Amino acid sequence: MQGRDLPEQLTAFLARHEREFTGFRRDLHMHPELAFAEHRTTGRIAERLREVGLRPRVLAQGTGLVCDIGSGPGPLVALRADIDALPLTDEKAGVPYRSTVPGAAHACGHDVHTTVLLASAVFLAQQDRMGALPGRVRLIFQPAEELPGGAVEVVNDGAMKGVDRIFALHCDPRLMVGKVGLRVGGITAACDQLMVRLSGPGGHTARPHLTSDLVYAMGKVVTELPAALSRLVDPRAGFSLVWGRISAGAAPNVIPDDAVAEGTVRCLDDEAWHSAPDIVKGLVESVASAYGAEAEVTYRRGVPPTINEAESVEMMREAVGRSLGSDAVASTPQSLGGEDFAWYLEHVPGALARLGTHSPDWDGPMLDLHRGTFDVDERAIGVGTRFMVTTALTALWNTAHRGDRVDDEALA
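This structure is a prediction, so every number in the text was calculated from the model and none was measured. (Residues numbered from 1 in each chain as written. Predicted model: local features only at pLDDT ≥ 70, side-chain atom pairs only at ≥ 80, totals over all residues. Heavy atoms only, no water.)

S.K.: Is there a simple way to explain helix H9 (residues 379-400) in this structure?
M.R.: Because each turn of an α-helix spans 3.6 residues, side chains separated by three or four positions in sequence point in the same direction. Between its terminal C-alpha atoms H9 stretches 32 Å, which fits the 32 Å expected from 22 residues at 1.5 Å a residue. Buried residues dominate H9, accounting for 19 of its 22 residues. (Helix = DSSP H or I, 4+ residues; strand = E, 2+ residues; numbered from the N terminus. Expected span 1.5 Å × (residues − 1). Buried < 20%, exposed > 50% of the residue type's maximum accessible area, 1.4 Å probe, protein only.)

Quick look at the structure:
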């Protein structure tokens, strides 16, 4: 493996291609596409990959693609980027790359993730031609992370077949550009949707004893469930049930025959996530039956918690040190937000990192995710490329020499 001068090679590569990849990110930002509609984005990625001799394969559902670099035996490491945008309005002013699509914006950094993976692909293809790739790398440009559902489509399409390990990154506006946030264990939460519908005969508020008082029963459900869950689930699981909508009745003197409550269930523990539907349904039915109400529970799975595997995080840590310097490593807190990268980790070990995007020159309000004002310091593209390339090479070397640490001479 010709890795001794890898940092210098990356520096030269990024100097030659900085304008290209900044322009690519801005083009995506100007032309955002929503979940499972990323046709232009998929086409642009595929075109650039073909230019460097690769053979991308568009996913069966029509958007997103996978592409392998390298051939023959050896370990297979996957790198994933999400390509879809959010259904909100771009509110930035004074930038030439503002979204041109009404009601759609790259307000979560997926344009950066995509550009980083594309730049990494171009560099790794070059390494492969030089005979410097100690295995194979599978690129996953995933659609529909925001829906979610894209990761499941990728898995069902067979893209995880043969993969030994997988890595991804996500923009973090709370981290300064140049920093990479790492964490072992839970980094994002499971996020499921819950709907509880209570039904009964209804009646007059003057005679609640002759019917099922659904408003009162629903009040008990929405207040007792979170409290009961805190005693039935290990508190270290970070289990959270929060209601977002309650609806019942149309008149002040009529006990309704129908009541609905909707909310989200989040947790940071995989075992708790798998057991959550049965626990929640049992509690709802127990509380409702005490007041004579019929309960119907609809529990919609969202995404599992993203649980970073320790060995994969250590590979990332080594990669940051080699490509950016050990002071570039930052700790990152757990988030109760959802990330469908977790579906891949149900199949193979891997890890998700946080990519700093906050500019030291920016003194305005936080350019936070999922807001129309979101933007990044574009130097993060180069940082992310260095990190992802070196992570892939570190993982390939470690997997090929299982049980051994990376040779300092190989990746110095």
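S.K.: Even after reading the chapter, I still don't get the pairing of strand E12 (residues 258-267), so can you show me in this structure?
M.R.: For a regular strand, side-chain orientation follows a simple rule: the groups alternate between the two sheet faces. Across 10 bridges, the pairing between strand E8 (residues 190-199) and E12 is antiparallel. For Met 195, the partnering residue across the bridge sits in E12 and is Glu 262. Bridge analysis of strand E10 (residues 240-248) against E12 gives 8 bridges, and the strand direction is antiparallel. Opposite Arg 245, over in E12, you have Glu 262 as the bridge partner. (Pairing = 2+ DSSP bridges.)

S.K.: Looking at this structure, I do not really get the sheet that holds E8. What am I missing?
M.R.: Strand pairs in the sheet, formed through backbone hydrogen bonds, run parallel or antiparallel to each other. Spatially, 4 strands are ordered E10-E12-E8-E13 in an open sheet, and the strand pairing comes out antiparallel. Each end of this open sheet is capped by a strand with a single partner; those strands are E10 and strand E13 (294-303). Strand-to-strand twist of the sheet, defined as the mean angle between neighbouring strand axes without regard to direction, takes the value 15 degrees. Across the sheet, helix H5 (residues 214-232) touches E8, E10 and E12, and the angle it forms with E10 is around 175 degrees. In the packing of helix H6 (residues 270-289) onto the sheet, contacts are made with E8, E12 and E13, and the angle to E13 comes to roughly 165 degrees. (Axes fitted to C-alpha atoms, helices over the stretch in contact; angles between N-to-C directions. Contact = heavy atoms within 4.5 Å.)

S.K.: How should I be thinking about the pattern of salt bridges in this particular structure?
M.R.: For side chains bearing opposite charge, pairing can occur when the charged atoms are close. Tallying each qualifying case throughout the model produces 25 salt bridges. The closest approach of N and O atoms between Asp 340 and Arg 80, which form a salt bridge, is 2.8 Å. Of this pair, Asp 340 sits in the loop between strand E15 (329-331) and helix H8 (342-345) while Arg 80 sits in strand E3 (residues 76-82), and the two are 260 residues apart along the sequence. Judged by its relative accessible area of 1%, Asp 340 is buried. Residue classification places Arg 80 among the buried positions, given a relative accessible area of 2%. Here the residues in one salt-bridge network are Arg 25, Arg 26, Asp 111, Asp 375 and Glu 378, joined through shared partners. (Salt bridge = Lys/Arg side-chain N within 4 Å of Asp/Glu carboxyl O.)

S.K.: How should I be thinking about the sheet that holds strand E6 (residues 180-182) in this particular structure?
M.R.: Across the sheet, 8 strands lie side by side as E1-E2-E4-E3-E5-E16-E6-E15; this open sheet has mixed pairing. The open sheet has two free edges, formed respectively by strand E1 (57-58) and E15, since each of these has just one partner strand. Bridge analysis of E3 against strand E4 (residues 136-142) gives 7 bridges, and the strand direction is parallel. Its bridge partner lying in E4, Val 77 is registered against Val 137. Lying over the sheet, helix H3 (residues 110-129) contacts strand E2 (65-69), E3, E4, strand E5 (165-176) and strand E16 (350-358), oriented at roughly 150 degrees with respect to E3. Sitting on the sheet, H9 is in contact with E3, E4, E5, E6 and E16, with an inclination near 150 degrees to E5.

S.K.: Sorry, what's going on with the layout of surface pockets here?
M.R.: Over the atoms rolls a probe the size of a water molecule, and in doing so it shows where empty space is left. Of the voids in this model, the largest pocket is the one considered here, and its volume is about 960 Å³. Lining the largest pocket are 40 residues; nearest its centre among them are Glu 146, Gly 337, Gly 338, Glu 339 and His 370. Those elements giving two or more residues to the lining of the largest pocket turn out to be E5, E8, E12, E13 and E16. Considering each element in turn, the lining of the largest pocket owes the most residues, 6 residues, to E5. (1 Å grid on protein atoms, 1.4 Å probe; cavity = no way out; pocket = protein on both sides within 12 Å on 5 of 7 lines; lining within 4 Å. Points joined across faces, edges and corners; volume = space filled by probe spheres on them.)

S.K.: Please explain the side chain of Asp 157 as it appears in this structure.
M.R.: Locating Asp 157 in the fold gives a position in the loop between helix H4 (150-156) and E5. Each residue touching Asp 157, except ones within four places of it in the same chain, is listed here: Arg 57, Leu 59 and Ala 60.

S.K.: Sorry if this is basic, but what is going on with the packing of aromatic side chains here?
M.R.: What characterises a pair of aromatic rings is the spacing of the ring centres plus the angle enclosed by the ring planes. The full count for this structure, using the stated rule, is 5 aromatic pairs. Measuring from centroid to centroid gives 6.2 Å for Phe 13 and Phe 21, while their planes differ by 40 degrees, and the two rings are tilted. Comparing Phe 13 with Phe 21 shows no difference in burial state: the two are buried. For the ring pair Phe 341 and Tyr 344, a centre distance of 5.8 Å and an interplane angle of 55 degrees mean the geometry is tilted. Grouping residues by exposure puts Phe 341 and Tyr 344 together as buried. Pairwise contacts between aromatic rings join Phe 13, Phe 21 and Phe 123 into one cluster. Lying across the ring of Trp 273, Arg 301 places its NZ or CZ 3.8 Å from the centre. (Phe/Tyr/Trp six-rings, centres within 6.5 Å; stacked < 30°, edge-to-face > 60°. Lys NZ or Arg CZ within 6 Å of the ring centre and 35° of its normal.)

S.K.: I tried to follow the side chain of Ser 359 on my own but got confused; where do I start?
M.R.: Along the chain, the position of Ser 359 falls in the loop between E16 and H9. For Ser 359, the side chain forms a polar contact with the side chain of Asp 377, separated by 3.2 Å. (Polar contact = N/O pair within 3.5 Å; in protein donor to acceptor, adjacent residues only side chain to side chain.)

S.K.: How should I be thinking about unusual backbone geometry in this particular structure?
M.R.: Excluding glycine, residues mostly have negative phi values, and the peptide bonds linking residues are mostly trans. Within the chain, Phe 36 stands out as a residue other than glycine whose phi angle is a positive 65 degrees. Counting through the fold element by element, Phe 36 comes out in the loop between helix H1 (6-30) and helix H2 (39-51). One non-glycine residue with positive phi stands out, namely Ala 144, at about 55 degrees. Mapped onto the secondary structure, Ala 144 falls in the loop between E4 and H4.

S.K.: Just checking my understanding: could you explain the packing of H1 against H9 for this structure?
M.R.: Packed helix pairs are specified by the crossing angle of their axes together with the interaxial distance, meaning the distance between the axes. Running from N to C, H1 and H9 cross one another at 130 degrees; their axes reach a closest spacing of 9 Å. As the angle between them shows, H1 and H9 are arranged oblique. When the axes of H1 and H9 are compared, the crossing they make is right-handed. Listed contacts from H9 to Leu 6, Pro 7, Leu 10, Thr 11, Leu 14, Phe 21, Thr 22 and Arg 25 of H1 are Ile 381, Gly 382, Thr 385, Arg 386, Val 389, Thr 390 and Leu 393. Of the residues assigned to the contact of H1 with H9, the class counts are 8 nonpolar, 5 polar and 2 charged. (Parallel < 35°, antiparallel > 145°, perpendicular 65-115°, else oblique. Left-handed = near helix turned anticlockwise from the far one by under 90°. Nonpolar A, V, L, I, M, F, W, Y, C, P; charged D, E, K, R; others polar.)

S.K.: Which parts of the structure should I look at to understand the confidence of the model for the protein?
M.R.: Note that predicted coordinates carrying low pLDDT should not be read in detail. Across the protein, the average pLDDT comes to 94, with 96% of residues at 70 or higher. Throughout residues 403-412 the model reports pLDDT below 50, and contacts reaching past four residues in sequence, or to other chains, amount to 29 contacts. (pLDDT = per-residue confidence, 0-100.)

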